[in-house]
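# Chains, contacts and geometry: an overview
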Amino acid sequence: MSAILKKRAPLALAVALAIFCAASPLAERRETHAASSSVDKVVMAGDPAPGGGTFTDFNGAVSLSDGGQVAFRATLSTGSTGIFLASPATSGGYATSKVAVTGDADPAGGTFSGFSPPSLNSTSQVAFAARNQSNADGIFLAGPTATGFDVSKVVANGDSTGEYGVVFVNLAEPSLNDNGEMAFVATLNSCCVHQDVFIAAPSPSGGFSIAQVADFTEIPGPISLNNGHQVAFEACNQICGGAGTAWAIYSGGSMVMHGSDYTVDKAPGVFAPPSLNDANLVAFRGCLWPCPNLGLLVASPTTSGFSFETVISYGDSAPSGGTFSSTGLSAESLNNAGQVAFDAYVSDAPGNGIFLASPTSAGFQIDQVVVAGDLMPGGGALARVASPSLNSNGQAAFWACVSDCGKDGIFLASPDSPTPTATPPEAPTPTLPDTPEPSPTPTPTATPTEAPTATPTDTPTPTETPTPTATTTDTPTPTPTPTATATETPTPTPTLTPALGYYHPVVPYRILDTRSGPQGVPAGKVGSNGEITVDVTGGASGVPATGVSAVVINTTGTQATNFTYLTVYPSGGPRPLASNLNFGPGQDVPNLVTVKVGGDGNVKVYNAAGETHVIFDVVGWYGGPSGGSLFNGVTPKRILDTRDGTGAPAAKLGQDATLVADMTGTFGSGVPATGVSAVVVNTTVDAPTTASYLTVFPSDAPRPLASNLNFVAGQIVPNLVTVKVGNDGNVKAYNNTGSTHVIMDVVGWYGATGDLFSSGNAARQSRQQCHRYRGCDSRLCSEHSVRRCREHDGNRANAGQLSNSLALRRGTSASIEPQLLGGTDRAELGDRKSRLRRQRPGLQQQRSGACHLRRRRVFRTVARIGWRTRR
């Protein structure tokens with residue numbers, strides 16, 4: 001059985017130690033700070049357990065999602081042990097759900113008798129290793145349902161590997177990512193007793209497909225799997241336990257750091273199991289020379305291997321006084337922001353504490369989260385902590401005991417956030433509305449109206465291969481607090497760009513991902529009230545370096561730390577009163593954006609609040625006096641529906657599967673059979689079985705690194721898609737995980753004739769009509785109406801830029817605009833009418849001798865980004 005991960009030759013000890021032993025230049029610059037977190041109780045011994053009894057003991061590591069959910073293992077007063085999930089409750093505190101307990105049916109046969117600590121992802125799936133009453137091990141995946149959790153077997157003892165009768169005999173240490181994939185450690189019944197690393201991925205035909213990724217003598221601890229299919233772990237690749245052992249930290253296919261020349265009494269304690277993030281950074285504990293001097297390090301991949309930075313080491317100053325002890329540094333957790341949470345002992349302290357290291361330009365800033373002696377929510381003083389789990393929002397969940405460890409529990413520390421900076425008056429901040437829920441009806445309605453704005457969805461993060469990150473279904477999304485709307489300032493009249501309106505579709509191409517930093521943008525989230533400049537022209541995307549008036553980009557916001565919005569606009573000009581995406585923590589939201597390009601070939605991206613990553617997938621560009629395509633709008637027509645067999649077989653699109661859809665000359669859509677370069681389709685997913693993403697691309701091109709829709713189980717999610725058509729007139733749609741129905745409604749196409757696009761600066765337009773009545777003074781009417789319009793604009797400010805619309809001027813062309821009146825608005829209007837009816841007698845008296853207005857207000861809030869004229 002061949003291992004993908006190759007065993008490396010031992011590194012020279014002198015080279016290895018040179019990295020560690022040199023006095024870190026960051027040590028003198030390292031900053032330490034006092035506590036800057038608030039701590040909440042998640043669950044404690046004595047609290048009632050779901051299903052009966054009370055919690056008596058919590059054992060093992062916990063797992064924290066970006067949505068604030070915590071999975072943990074616990075013992076109950078009934079004598080049972082089990083896996084549980086705690087989710088933030090709308091009324092405060094946490095609601096705890098049972099995932100599985102001893103005595104529950106084991107999908108592999110029999111009943112459960114014991115569990116390992118769980119691994120949780122952002123879609124509320126929980127992976128764990130368990131043993132049945134026959135002491136047979138297995139790896140299991142629990143997915144949330146309307147009534148609890150559905151537990152499925154991934155692999156169990158005795159299952160075949162498919163190679164010459166080799167079967168699994170021991171299974172442990174599952175690590176789950178947001179794609180529903182699991183990495184785990186297994187021993188095989190082959191001739192040589194080795195421990196191997198495997199990855200299990202959901203199979204389109206059901207069950208899981210399992211692949212081996214590493215083969216070693218021993219893998220002593222937990223492993224870490226990221227969303228890019230990379231695995232990090234500690235391992236021994238020789239006869240372990242003797243002199244000359246080869247303990248090392250590995251990440252993916254590379255060895256990070258080696259310790260082969262340490263003597264037996266220093267192995268395997270040379271290293272502790274690592275933590276891996278989506279940028280392939282690896283945090284781990286290492287034994288710095290001379291042992292037992294422990295240190296916490298972060299390794300960054302380079303073209304020639306890895307570079308190292310010491311986060312903390314023995315003798316460094318602790319934030320609350322004293323120094324870090326060499327005997328207490330034990331566990332660490334790394335998030336996608338590069339922060340590291342760890343537990344450590346401090347000299348002269350009665351116990352240990354949790355600390356957070358955040359990267360800065362001058363090294364790592366060390367903050368104290370909790371330390372022994374702190375008073376804890378739920379009562380008692382902290383005695384000891386262990387096993388922090390850090391999410392991308394900087395929250396850390398951990399086990400702790402209080403009152404001399406007479407009682408233990410699970411706690412969550414959240415960073416104290418500074419007050420958001422007010423938006424300058426010249427660019428009023430759109431107020432974020434309540435996120436609308438997806439329609440519960442099983443059949444999504446076609447979008448023939450002027451409002452197909454993509455429904456914001458709680459989804460996973462696109463990664464190296466775009467990956468879905470769904471908001472946990474058990475955690476209600478907090479309603480953002482409306483912010484004060486600043487006075488609107490005039491927006492300059494859009495300037496025509498003559499003879500630069502031909503459209504040129506390209507195969508979707510990723511030009512920006514702040515998680516990795518292509519196109520010259522440094523890796524890292526866009527900060528609160530901050531912006532970045534992105535080069536959208538030139539390079540390998542297919543967009544030329546010159547002659548470009550506008551680009552069409554599928555824009556995604558992900559891993560936000562606060563409710564926020566993004567504005568994409570031309571460089572070289574003022575930021576407009578407009579927004580393209582609205583989303584919050586735990587949500588990954590895409591939208592199709594058409595944006596004018598600045599004179600330097602760049603656009604800017606503004607983030608209103610918190611921090612967030614941003615991804616750009618370019619799908620086309622406008623420019624050139626000829627040689628491109630012109631737009632032709634059509635009445636929306638359904639050309640694909642996998643539920644009833646329209647345009648494709650009547651079956652869901654499965655996992656890692658692709659369907660072909662004919663875009664031209666079909667179903668009387670108005671799209672001709674020939675001469676079509678690209679189509680505009682409102683694409684919808686319906687009844688997905690799990691969190692996933694959809695990629696739409698030309699039929700004659702390889703599947704690109706891009707995504708168009710992100711969704712979670714049970715959602716109905718649309719998004720506008722502009723896609724180049726293959727030479728056969730077809731496009732393909734790819735689904736990553738689970739299965740889902742796909743619907744496409746065509747709204748337009750590009751060809752040799754049609755409408756010429758002219759780009760302009762985004763500008764929000766609000767129109768109103770005020771009707772004078774009974775001699776009302778026109779000046780009073782105007783002032784009152786303007787004030788009410790501004791109030792309305794403040795309440796509906798995030799109705800959305802016309803970023804996913806075509807704004808065609810001809811009546812025969814499709815004009816697509818964001819919806820303004822949803823259920824929330826109608827409810828508000830109904831309440832207002834009810835109040836007016838109750839107040840009517842008093843109002844009649846007030847009307848005597850006063851100016852009475854009867855107003856009919858028609859609001860139309862859009863952000864104009866361009867227009868088309870017939871050629």
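Parameters at a glance
- Residues numbered from 1 in each chain as written.
- Predicted model: local features only at pLDDT ≥ 70, side-chain atom pairs only at ≥ 80, totals over all residues.
- Heavy atoms only, no water.
- Disulfide = S-S within 2.5 Å.
- Buried < 20%, exposed > 50% of the residue type's maximum accessible area, 1.4 Å probe, protein only.
- Phe/Tyr/Trp six-rings, centres within 6.5 Å; stacked < 30°, edge-to-face > 60°.
- Helix = DSSP H or I, 4+ residues; strand = E, 2+ residues; numbered from the N terminus.
- Lys NZ or Arg CZ within 6 Å of the ring centre and 35° of its normal.
- Pairing = 2+ DSSP bridges.
- Axes fitted to C-alpha atoms, helices over the stretch in contact; angles between N-to-C directions.
- Salt bridge = Lys/Arg side-chain N within 4 Å of Asp/Glu carboxyl O.
- Contact = heavy atoms within 4.5 Å.

A word on the state of the cysteines. With the rule as written, the count across this model stands at 1 disulfide. A disulfide bridge connects Cys-401 with Cys-405, and the sulfur atoms are separated by 1.9 Å. By relative accessible area, which is 37% here, Cys-405 ends up partly exposed.

Applying the stated rule across the entire model yields 26 aromatic pairs. When the ring of Phe-55 is compared with that of Phe-84, the centres are 5.1 Å apart and the planes differ by 85°; the resulting orientation is edge-to-face. With a gap of 29 residues between them, Phe-55 in strand S3 (residues 55-58) and Phe-84 in strand S6 (residues 81-88) connect regions that are remote in the sequence. For the pair Phe-55 and Phe-84, a shared accessibility class is recorded, and that class is buried. Seen from their ring centres, Phe-184 and Phe-198 are 5.7 Å apart, and the 20° between their planes marks the pair as stacked. Of this pair, Phe-184 sits in strand S14 (residues 182-188) while Phe-198 sits in strand S15 (residues 195-202), placing them 14 residues apart in sequence. We classify Phe-198 as buried; its relative accessible area is 3%. Following the ring pairs from residue to residue traces out a cluster consisting of Phe-55, Phe-58, Phe-72 and Phe-84. The ring of Tyr-606 carries the charged tip of Arg-575 above its face, separated from the ring centre by 3.5 Å.

Attention now moves to the sheet that holds strand S39 (residues 589-596). In space, the 4 strands of this open sheet follow the order S34-S41-S36-S39, with antiparallel pairing throughout. The sheet is open, and its two borders are formed by strand S34 (503-513) and S39, each paired with just one other strand. The average angle at which neighbouring strand axes cross in this sheet is 20°, direction not considered. Here strand S36 (residues 550-558) runs beside S39; their pairing, made up of 8 bridges, is antiparallel.

Take the pattern of salt bridges next. For the structure on display, the rule yields 12 salt bridges. Here Asp-104 makes a salt bridge to Lys-98, at a shortest N to O gap of 3.3 Å. Judged by its relative accessible area of 34%, Lys-98 is partly exposed. Notably, a salt bridge pairs Arg-643 with Asp-686, separated by 3.7 Å at the nearest N-O pair. One end of the pair, Arg-643, is in the loop between strand S42 (630-641) and strand S43 (657-662); the other, Asp-686, is in strand S44 (residues 678-686), with 43 residues separating them in the sequence.

Time to look at the environment of Gly-524. Locating Gly-524 in the fold gives a position in the loop between S34 and strand S35 (530-535). Given a relative accessible area of 31%, Gly-524 falls into the partly exposed group. It is 9.2 Å that separates the C-alpha atoms of Gly-524 and Asn-336, two residues lying 188 residues apart in sequence. The residues contacting Gly-524, other than those within four sequence positions of it, are Thr-514 and His-613.

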